[in-house]
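An overview of the molecular structure
For reference, the chains in residue letters:
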Amino acid sequence: MTKDDWIDSCADRFATGGDMDREIADLKAREALGICSRWGGEEKALVDFDPVAVARDLLSMAA
């Protein structure tokens, strides 16, 4: 999965599950990738973290 694919998938989940504007969802997805990248770098995060699950978990923590 490419970085853009990861961000798009995560942003889609934020936009639908969090009922937020797509632009804000994209920013949240980029922030989420940054957080996931802290554990081994961006390339590892793209492989190890499911973007939909990350968005779902962050949305549930915010609720």
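Analysis parameters
Residues numbered from 1 in each chain as written. Predicted model: local features only at pLDDT ≥ 70, side-chain atom pairs only at ≥ 80, totals over all residues. Heavy atoms only, no water. Salt bridge = Lys/Arg side-chain N within 4 Å of Asp/Glu carboxyl O. Helix = DSSP H or I, 4+ residues; strand = E, 2+ residues; numbered from the N terminus. Buried < 20%, exposed > 50% of the residue type's maximum accessible area, 1.4 Å probe, protein only. Core = buried A, V, L, I, M, F, W, Y, C linked by side-chain atoms within 4.5 Å. Contact = heavy atoms within 4.5 Å. Expected span 1.5 Å × (residues − 1). Arc of directions from axis to C-beta.

**Quick notes on the pattern of salt bridges**
Two side chains bearing opposite charge may form a pair once their charged atoms approach each other closely. With the rule as written, the count across this model stands at 6 salt bridges. When the shortest N-O distance is used, the salt bridge between Asp8 and Arg22 registers 3.6 Å. Of the two residues, Asp8 sits in helix H1 (residues 3-17) while Arg22 sits in helix H2 (residues 22-36), which places them 14 residues apart along the sequence. The class for Arg22 is partly exposed, based on a relative accessible area of 34%. Close ionic contact of Asp26 with Arg30 constitutes a salt bridge, the shortest N to O distance being 3.0 Å. In this pair, Asp26 and Arg30 both sit in helix H2, 4 residues apart, roughly one turn of the helix. Taken together, the shared-partner salt bridges in this structure form one network comprising Asp8, Asp12 and Arg22.

**Focus: the nonpolar core**
In this structure, Trp6, Cys10, Phe14, Ala29 and Leu33 are the most contacted members of the largest nonpolar core, which totals 15 residues. Sequence-distant contacts of Phe14, defined by excluding residues within four places in its chain, comprise Asp19, Met20, Ala25, Lys28, Ala29, Ala55, Leu58 and Leu59.

**Brief notes about H1**
The end-to-end C-alpha distance of H1 is 21 Å, a good match for the 21 Å that 15 residues give at a rise of 1.5 Å each. When H1 is considered as a whole, its buried residues turn out to be Trp6, Ile7, Cys10, Ala11 and Phe14. Looking straight down H1, one finds its buried side chains confined to an arc of 120°; they lie on one side. Away from the buried face of H1 by more than 90 degrees, exposed residues Asp4 and Thr16 are located.

**Concerning helix H4 (residues 51-62)**
Here H4 is 12 residues long and its end C-alpha atoms lie 17 Å apart, about the 16 Å a rise of 1.5 Å per residue gives. Here H4 has its buried residues at Pro51, Ala53, Val54, Ala55 and Leu59. Residues of H4 that are buried sit in contact with H1 and H2.

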